[in-house]
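A closer look at the structure
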Amino acid sequence: MIKEQIEKFFNIRGENVIRLKEWKEQGGKVVGYYCTYFPQELVIAAGAVPVCLCGTREEPISAAEEVLPRNLCPLIKSSYGFAVTDKCPFFNFSDLIVGETTCDGKKKMFEYMSELKPVHVMQLPHMKESESSFELWVQEMRRLQARLEKELGGEILEEELWRAIDLVNRETAAAKGVCDLNQQEPPSLSGLDLLTVNWSRGFNNNKEETIRMLDELREALVGGGSVAAGKPRVLITGCPIGLGSEKVVTLVEEAGGTVVAFENCTGYKTLPLMTDTSYDDPIVALAHKYLQIPCSCMSPNEGRMKLLQAMVSDFNADAVIDLTWQACHTYNIESRAVAKMLKEAGVPFLHLESDYSTSDLAGLGVRIQALLEMVEK
Ligand code: SF4
Ligand code: SF4
């Protein structure tokens, strides 16, 4: 039963290619995005479909390297590669691409991507505590609203925006409900199943259906999942991971451990963040929520340390792996602070730097095995 439910999540991506094709044929609009800072509520309120385009596979990277430097994070190269080779149906369906000035590689890549599709880049402030940062982010939200209204045709009504906020809040709560079940021992879901659920849900154009699927999965898991008790419990933090770039998760689970949680953007990073509906202005409410995302492009980024500390405790993690994609400077540099914090807390820690290829599997496997031996029960 649980296996079938996970399979349903796995199939979302393929099924939504067909659904979005029909949606486009009926004149529907699609907006592609690459980052969790993207306020998808605005697109939903405009009656269009937001779709995540983050590249998580190696195949198109060689094509991207004809334009972009090789020494760039694989996520950026894969995302651009899918676009330039026209191999991603979701990119193809997109009427507009929205990016943000998160890291340098991504923001410069968007300049080239704009040769392929209309691209709107939001100027993301990198210091979230200051008043001027907040004002800039509010303005950027309003600038995006105006661009969406122009590209998609029609005004985004305030009441529609509040409705979209409620929908995304409910989806976030439903996803958190599933992830939180892994706090128990044994955890409810393996790391690979957890990743399948969280990554796949970003492709569903029907959020009410996603919420139903998440709630049904949570109910089915309450009586216990399929993971054996007593395995070393590993928490993964760092750069986003998707299906196609899950090699570290696979290695942990093949070596006898279990990944109980992901702190990264394809995991828990945004799940504790709800849009506060007590504000008068929905744009202000959204700006408050999105600016709290603890990404390493923020400086300082204390929110990530607080979230990690809480997650290590809540998910009873025996060890933490920080996965940095090659040439991701912000996560790579921040790893030292993560290591220091975990050392003080007495939690075994491993920093891995890798890309989407399989060339380093053996070396990664040895290091993961050594970590698990330290914490074996
Ligand atoms: S890690 Fe940062 S830049 Fe990457 S998707 Fe998450 S919020 Fe965006
Ligand atoms: S993984 Fe790092 S370098 Fe790559 S897009 Fe995200 S923040 Fe940028």
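Everything numeric here is computed off the predicted structure, so don't read it as measured data.

The next thing to look at is the overall build of the protein chain. Within the protein chain, the secondary structure is distributed over 15 helices and 8 strands. The C-alpha radius of gyration of the protein chain comes to 20 Å, within 12% of the 21 Å expected for a compact globule of 377 residues. Each principal axis of the C-alpha atoms in the protein chain carries an extent, and together these give about 60 × 45 × 45 Å. By residue count, 48% of the 377 residues in the protein chain fall in the buried class.

Take the sheet that holds strand β6 (residues 258–262) next. Pairing within the open sheet is parallel, and its 4 strands lie in the order β6-β5-β7-β8. Of all the strands in the sheet, just β6 and β8 (349–354) have a single pairing partner and so form its edges. This sheet shows a mean twist of 30° between the axes of neighbouring strands, independent of strand direction. Two elements, strand β5 (residues 233–238) and β6, share 4 bridges in a ladder whose sense is parallel.

In terms of nonpolar packing, the biggest core is built from 112 residues, with Val-234, Leu-235, Ile-236, Val-248 and Ile-321 touching the most fellow members. It is helix α8 (residues 158–180) that contributes the most residues to this core, 7 residues altogether. Residue contributions to this core reach at least three from each of two domains, namely domain 1 (2–159) and domain 2 (169–375).

Looking now at the site of ligand 2. Every one of the 13 residues lining ligand 2 counts as a neighbour, but Cys-73, Leu-75, Cys-103, Cys-239 and Cys-328 are closest to it. Every element with two or more residues in the shell around ligand 2 is listed here: α4 (74–85), α6 (104–113) and α14 (329–345). Tallied by class, residues from the shell around ligand 2 come to 9 nonpolar, 3 polar and 1 charged. Here the shell around ligand 2 gathers at least three residues from each of two domains, domain 1 (2–159) and domain 2 (169–375).

Every buried residue belonging to α6 is among Gly-105, Lys-106, Met-109, Phe-110 and Met-113, and all of these are buried. The arc that holds every buried residue of α6, seen down its axis, measures 135°, which confines them to one face. Where α6 is buried, its residues touch α4, β3 (96–100) and β4 (119–122).

Glancing now at the domain arrangement of the protein chain. According to the domain assignment, the protein chain consists of domain 1 (2–159) and domain 2 (169–375). Centre-to-centre, using C-alpha coordinates, domain 1 lies 21 Å away from domain 2. Across the contact, 42 residues belong to domain 1 and 46 residues belong to domain 2. Taken together, the residues of the side of domain 1 that touches domain 2 sort by class into 24 nonpolar, 9 polar and 9 charged.

A separate point is the packing of helix α1 (residues 2–25) against helix α10 (residues 207–221). Each pair of packed helices gets described by two things: the angle between the helix axes and the distance between those axes. Relative orientation of the contacting elements α1 and α10 amounts to 160°, with a least axis distance of 10 Å. As far as their axial angle goes, α10 and α1 are roughly antiparallel. For the pair α1 and α10, the crossing hand works out as left-handed. Here α1 contributes Ile-2, Gln-5, Lys-8 and Phe-9 to the contact with α10, which in turn contributes Met-213, Glu-216, Leu-217, Ala-220 and Leu-221.

The full set of residues close to ligand 1 is Cys-35, Thr-36, Tyr-37, Thr-102, Cys-103, Pro-240, Cys-265, Ile-293, Cys-295 and Cys-297. Residue composition of the shell around ligand 1, by class: 8 nonpolar, 2 polar and no charged. If you count residues domain by domain, the shell around ligand 1 takes at least three from each of domain 1 (2–159) and domain 2 (169–375).

Strand order in this open sheet of 4 strands is β2-β1-β3-β4, and the pairing throughout is parallel. Every interior strand has two partners, whereas the edge strands, β2 (49–52) and β4, have only one. For this sheet the average axis-to-axis angle between neighbouring strands, irrespective of direction, equals 25°. Of the strand pairs in this sheet, β3 and β4 are connected by 4 bridges, and their pairing is parallel. Considered in β4, the bridge of Ile-97 is made with Val-119. The sheet strands contacting helix α7 (residues 131–152) are β3 and β4, and the helix crosses β4 at an angle near 165°.

Bringing the environment of Val-51 into the picture now. Within the secondary structure layout, Val-51 lies in strand β2. For Val-51, a count of 23 C-beta atoms within 10 Å gives the class buried. The spatial distance from the C-alpha of Val-51 to the C-alpha of Phe-93 is 9.5 Å, given a sequence separation of 42 residues. Ignoring any residue separated from it by four or fewer positions in sequence, one finds Val-51 in contact with Val-30, Gly-32, Phe-90, Ser-94 and Phe-203.

Reading the values: rules and limits
Residues numbered from 1 in each chain as written. Chains lettered and ligands numbered in written order. Predicted model: local features only at pLDDT ≥ 70, side-chain atom pairs only at ≥ 80, totals over all residues. Helix = DSSP H or I, 4+ residues; strand = E, 2+ residues; numbered from the N terminus. Rg over C-alpha atoms; globule rule 2.2 N^0.38 Å. Buried ≥ 20, exposed ≤ 12 C-beta atoms within 10 Å, placed from the backbone. Pairing = 2+ DSSP bridges. Axes fitted to C-alpha atoms, helices over the stretch in contact; angles between N-to-C directions. Core = buried A, V, L, I, M, F, W, Y, C linked by C-beta atoms within 7 Å. Domains from an automatic or database assignment. Near = placed C-beta within 6 Å. Nonpolar A, V, L, I, M, F, W, Y, C, P; charged D, E, K, R; others polar. Arc of directions from axis to C-beta. Contact = placed C-beta atoms within 7 Å. Parallel < 35°, antiparallel > 145°, perpendicular 65-115°, else oblique. Left-handed = near helix turned anticlockwise from the far one by under 90°.

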